[in-house]
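One-letter residues, chain by chain:
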Amino acid sequence: MSLIRQGSSYLIVGLIQLGIDWALFVAASALGVPVVPANLLGRIGGMLLGFWLNGRHTFAQDGVQRLGWSRFARFLLLWAVLTAASTVLVSTAAHQLGLTYAWLAKPLVEGGLAIVSFLLMRRLVFR
């Protein structure tokens with residue numbers, strides 16, 4: 001599989017996920033939900049769509065999708081670790097800089113984690 005093709009597809013799927021994640025995070029936190037649960041809500045919102053799109057398109061091989069319960073279990077484990085990192089970073093930004101800056105920091109945090117996520121998903125989840 002072409003790393004460039006996978007990377008391009010992962011970027012498109014990731015931007016869709018980020019849009020959902022960020023919108024849910026901002027909406028929930030603007031309504032008074034604390035930052036940690038608001039971040040979890042956003043991450044969950046993008047998670048299932050991302051798993052399905054990446055398994056069906058990004059990491060598919062010869063038109064055969066790569067989904068299934070064993071891949072989903074590996075995905076959930078990786079997602080939990082990355083969500084913990086995201087939550088710590090975003091909540092630290094909110095605590096140190098304020099909610100508005102946490103809203104701005106979230107796309108940067110998720111973008112950085114996406115690089116790590118792509119490499120780990122390619123190697124561990126959708127192998």
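For the structure itself, consult the block above.
Residues numbered from 1 in each chain as written. Predicted model: local features only at pLDDT ≥ 70, side-chain atom pairs only at ≥ 80, totals over all residues. Heavy atoms only, no water.

What to know about the layout of surface pockets
The calculated volume of the largest pocket comes to roughly 550 Å³. For the largest pocket, the lining is made up of 27 residues, of which Tyr 10, Gly 14, Gln 17, Glu 110 and Ala 114 are closest to its centre. For the lining of the largest pocket, the secondary structure elements donating two or more residues are α1 (3-30), α2 (35-58), α3 (69-97) and α4 (99-125). When residues in the lining of the largest pocket are grouped by element, the largest group, ten residues, is from α4. Taken together, the residues that form the lining of the largest pocket break down as 16 nonpolar, eight polar and three charged. (1 Å grid on protein atoms, 1.4 Å probe; cavity = no way out; pocket = protein on both sides within 12 Å on 5 of 7 lines; lining within 4 Å. Points joined across faces, edges and corners; volume = space filled by probe spheres on them. Helix = DSSP H or I, 4+ residues; strand = E, 2+ residues; numbered from the N terminus. Nonpolar A, V, L, I, M, F, W, Y, C, P; charged D, E, K, R; others polar.)

Concerning the environment of Thr 58
Here Thr 58 lies in helix α2. Given a relative accessible area of 0%, Thr 58 falls into the buried group. Non-local contacts of Thr 58, meaning those with residues more than four positions away in its chain, are made with Arg 5, Gln 6, Ser 9, Tyr 10, Val 13 and Leu 53. Side chain to side chain, Thr 58 and Asn 54 meet in a polar contact 2.8 Å long. (Buried < 20%, exposed > 50% of the residue type's maximum accessible area, 1.4 Å probe, protein only. Contact = heavy atoms within 4.5 Å. Polar contact = N/O pair within 3.5 Å; in protein donor to acceptor, adjacent residues only side chain to side chain.)

Regarding the packing of aromatic side chains
One pass over the structure, following the stated rule, counts nine aromatic pairs. Ring geometry for Phe 59 and Phe 126: centres 4.9 Å apart, planes at 10°, overall stacked. Of this pair, Phe 59 sits in the loop between α2 and α3 while Phe 126 sits in the segment after α4, placing them 67 residues apart in sequence. Residues Phe 59 and Phe 126 agree in their burial class; the two are buried. Here the aromatic rings of Trp 69 and Phe 72 are separated by 6.0 Å at their centres, their planes lie at 80°, and the arrangement is edge-to-face. Linking Trp 69 with Phe 72, this pair stays in helix α3, spanning three residues, or about one helical turn. (Phe/Tyr/Trp six-rings, centres within 6.5 Å; stacked < 30°, edge-to-face > 60°.)

Examining the pattern of salt bridges
For the structure on display, the rule yields three salt bridges. Two residues, Arg 43 and Glu 110, come together in a salt bridge whose shortest N-O distance is 2.6 Å. Taken as a pair, Arg 43 in helix α2 and Glu 110 in helix α4 lie far apart in primary sequence, 67 residues in all. For the pair formed by Arg 43 and Glu 110, the shared burial category is buried. Salt bridges linked by common partners bring Asp 21, Arg 43, Lys 106 and Glu 110 together as one network. (Salt bridge = Lys/Arg side-chain N within 4 Å of Asp/Glu carboxyl O.)

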